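Report on the structure
As a plain string of letters, each chain reads:
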Amino acid sequence: MDEHAVVITQVAERQWHAVEDDRTVGRGDASRRPDGRMFLSIDSWHAAVFDQLADAMLADLPKPLYTVVDEADLDLTSDWERAGFTTRRREWEYLVPTDPRVTGLGAVLPPSGVTIVAVGEAEESPLRKLDREIRDEVEASVGWQEMPAEVLPRPDGATVLDPSKYAVAAQSDEYVGLVRVAPVTRQPRIGLIAVRSDQHRRGIARALLAHVLGSLHRCGIETASAEVNESNGAAMALFEGVGARRASSNLELVLR
């Protein structure tokens, strides 16, 4: 790097390369998430190349800009902080046991009048209705941007892309709670647990979790994963109360 200048070139829309002596020594990418926010990523071996790519990208892109880093990657976190990014939020990844003897959920039942509809058996129309209601409630409070990226709305406004990934809590002729399970190989991920606000504090979320974890255990799966925003005290208490342990954390950084 001392002998040859590094040249930064925008090679495509929202893509940049750092080239030194005809070799690509770094890449930068910007992608717009369905909620409209722009997220950046930079892959380079050297901090100096990172800085040059960041300078070029930030000069071309409108703020605010975001990125996500593994909190344990101190070098990458430092790189983004040098570019002016600051921590917006922390998301913990939990490893969740499925064995009811560990979770203590073996005897948990839904509250009176509520039944659990298994993963893949929910009716699409009432599921989408509940999803819209919960999204409106979240948007009116903390904002849907605080949710995991995988449940952000798509350009058509949809968040339920695959109804077969959901179990729901039903009361009378409507759904009042849901849980989303992504069937990741060997370690399924619990992507979302949500209950309509007028049904809070009845034990519905706990019953949904008991159902999902119990089903996974019967399939021979020992652990699931879940990502929880550290500001969501209720969700952290729910998972930690069943023996889940923190495995790692991600930081969402922002440049305003």
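Scroll up to find the structure.
Remember, predicted model here, so these are calculated numbers, not experimental data. Along each chain, the written sequence defines residue order, and numbers are assigned to residues from 1. For this predicted model, a pLDDT threshold of at least 70 governs which residues receive local features, and a threshold of 80 or more governs which side-chain atom pairs are given and counted, while totals over whole chains, interfaces and linings are taken from all residues. Hydrogens and water are ignored here; the side-chain numbers use all heavy atoms of the structure.

Here the focus is the overall build of the protein chain. Secondary structure summary: the protein chain contains six helices and 12 strands in total. When its C-alpha atoms are laid out on the principal axes, the protein chain stretches across 75 × 35 × 25 Å. Burial status across the protein chain gives 43% buried among its 256 residues. Should any heavy atoms of two residues lie within 4.5 Å, those residues are counted as being in contact. Across the protein chain, the fraction of contacts at a sequence separation of at least 24, relative to all contacts at a separation of at least 6, is 67%. Put simply, the protein chain has 29 plus and 41 minus side-chain charges, and the middle of one group is 6 Å from the middle of the other. The helix and strand labels rest on DSSP assignments: H or I over at least four residues marks a helix, E over at least two residues marks a strand, and numbering proceeds from the N terminus. Throughout, exposure labels follow a simple rule: accessible area from a 1.4 Å probe, protein chains only, divided by the maximum for the residue type, with under 20% read as buried, over 50% as exposed, and the rest as partly exposed. Counted charges follow a simple rule, with Lys and Arg positive, Asp and Glu negative, and His plus the chain ends left uncounted. A charged residue contributes its charge at one atom only: NZ of Lys, CZ of Arg, CG of Asp or CD of Glu.

Moving on, we get to the environment of Thr223. Secondary-structure assignment places Thr223 in strand E11 (residues 223-229). Taking the C-alpha atoms as reference points, Thr223 and Leu213, separated by 10 residues in sequence, lie 8.4 Å from one another. If we ignore the near neighbours within four places in the chain, the residues touching Thr223 are Val96, Pro97, Thr98, Arg186, Gln187 and Pro188. Any pair of nitrogen or oxygen atoms within 3.5 Å is treated as a polar contact; in protein, a donor-acceptor pairing is required on top of that, and neighbouring residues in sequence qualify only through side-chain atoms on both sides. Side chain to side chain, Thr223 and Gln187 meet in a polar contact 3.2 Å long.

Moving on to the side chain of Thr67. With respect to the secondary-structure elements, Thr67 resides in strand E5 (residues 65-70). A residue is classified by how much of its surface remains accessible, and Thr67, at 2% relative accessible area, is buried. Looking at Thr67, its side chain comes within polar contact range of the main-chain oxygen of Leu40, at 2.7 Å. Once residues lying within four places of it in the same chain are set aside, the contact partners of Thr67 are Phe39, Leu40, Trp80, Phe85, Leu251, Glu252 and Leu253.

Every helix has an expected span of 1.5 Å times one less than the residues it contains. Its 15 residues place the ends of helix H5 (residues 204-218) 21 Å apart at the C-alpha level, agreeing with the 21 Å of an ideal helix rising 1.5 Å per residue. Inspection of H5 places Ile204, Ala207, Leu208, Leu209, Ala210, Val212, Leu213, Gly214 and Leu216 among the buried residues, and these make up the whole buried set. After H5 finishes, the residue Gly220 shows a positive phi value of roughly 90°.

What follows concerns the pattern of salt bridges. For this document, the term salt bridge refers to a Lys or Arg side-chain nitrogen within 4 Å of an Asp or Glu carboxyl oxygen. Inspection of every chain in the model, using the stated rule, returns 17 salt bridges. A salt bridge links Arg89 to Glu91; the nearest nitrogen and oxygen atoms lie 3.5 Å apart. Residue Arg89 shares its accessibility class with Glu91, and that shared class is buried. Glu124 is the salt-bridge partner of Arg128, the closest N and O atoms lying 2.9 Å from each other. Pair noted here: Arg128 and Glu124 are both in helix H4 (residues 124-140), with a separation of four residues, about one helical turn. According to the relative accessible area criterion, Arg128 is partly exposed, its value standing at 25%.

The subject of this paragraph is the nonpolar core. By nonpolar core is meant a set of buried Ala, Val, Leu, Ile, Met, Phe, Trp, Tyr and Cys residues that side-chain atoms within 4.5 Å join together. Core analysis: the largest hydrophobic core is formed by 28 residues, its most contacted members being Val96, Ile190, Leu209 and Phe239. Considering each element in turn, this core owes the most residues, seven residues, to H5. With residues up to four places along the chain from it excluded, the contact list for Ile190 reads Val179, Arg180, Leu209, Leu213, Ala224, Ser225, Ala226, Glu227 and Phe239. If you look at the next biggest cluster of nonpolar residues, it comprises 22 residues, including Val25, Ala30, Phe50 and Phe85.

So, on to the sheet that holds strand E1 (residues 6-12). The strand order across the open sheet formed by 12 strands is E1-E2-E3-E4-E5-E12-E6-E11-E10-E9-E8-E7, and the pairing between neighbours is mixed. Two strands bound the open sheet, and with one partner strand each, they are E1 and strand E7 (114-117). Averaged over all neighbouring strand pairs, the angle between strand axes comes to 25°, with direction disregarded. What counts as an axis is a line fitted to C-alpha atoms, over the stretch in contact for a helix, and the angles between N-to-C directions run from 0 to 180 degrees. Here helix H1 (residues 47-60) sits on the sheet and contacts E1, strand E2 (15-20), strand E3 (23-32), strand E4 (38-44), E5 and strand E12 (245-255); the angle it forms with E4, its principal contact strand, is near 155°. A strand pair is defined by DSSP finding two or more bridges across the two strands.

So, about the pairing of E11. Both faces of the sheet carry side chains from a regular strand, because those side chains alternate between them. Burial analysis of E11 places five of its seven residues in the buried class, the great majority of the element. Inspection of the sheet shows strand E6 (residues 86-97) paired to E11 by seven bridges, in the antiparallel sense. Within the sheet, the bridge partner assigned to Val96 lies in E11 and is Ala224. Of the pairings in the sheet, the one linking strand E10 (residues 189-195) to E11 comprises two bridges and is parallel in character. What sits directly across from Arg189, in E11, is Ser225. Handedness of the crossover is the feature at issue here: the chain leaves E10, passes through H5, returns alongside E11, and the resulting connection is right-handed. Whether a crossover is right-handed comes down to one check: with the strands pointing away from the viewer, does the path from the first strand over the helix to the second run clockwise; if it does, it is right-handed.

These values are about where atoms sit, not about what they do.
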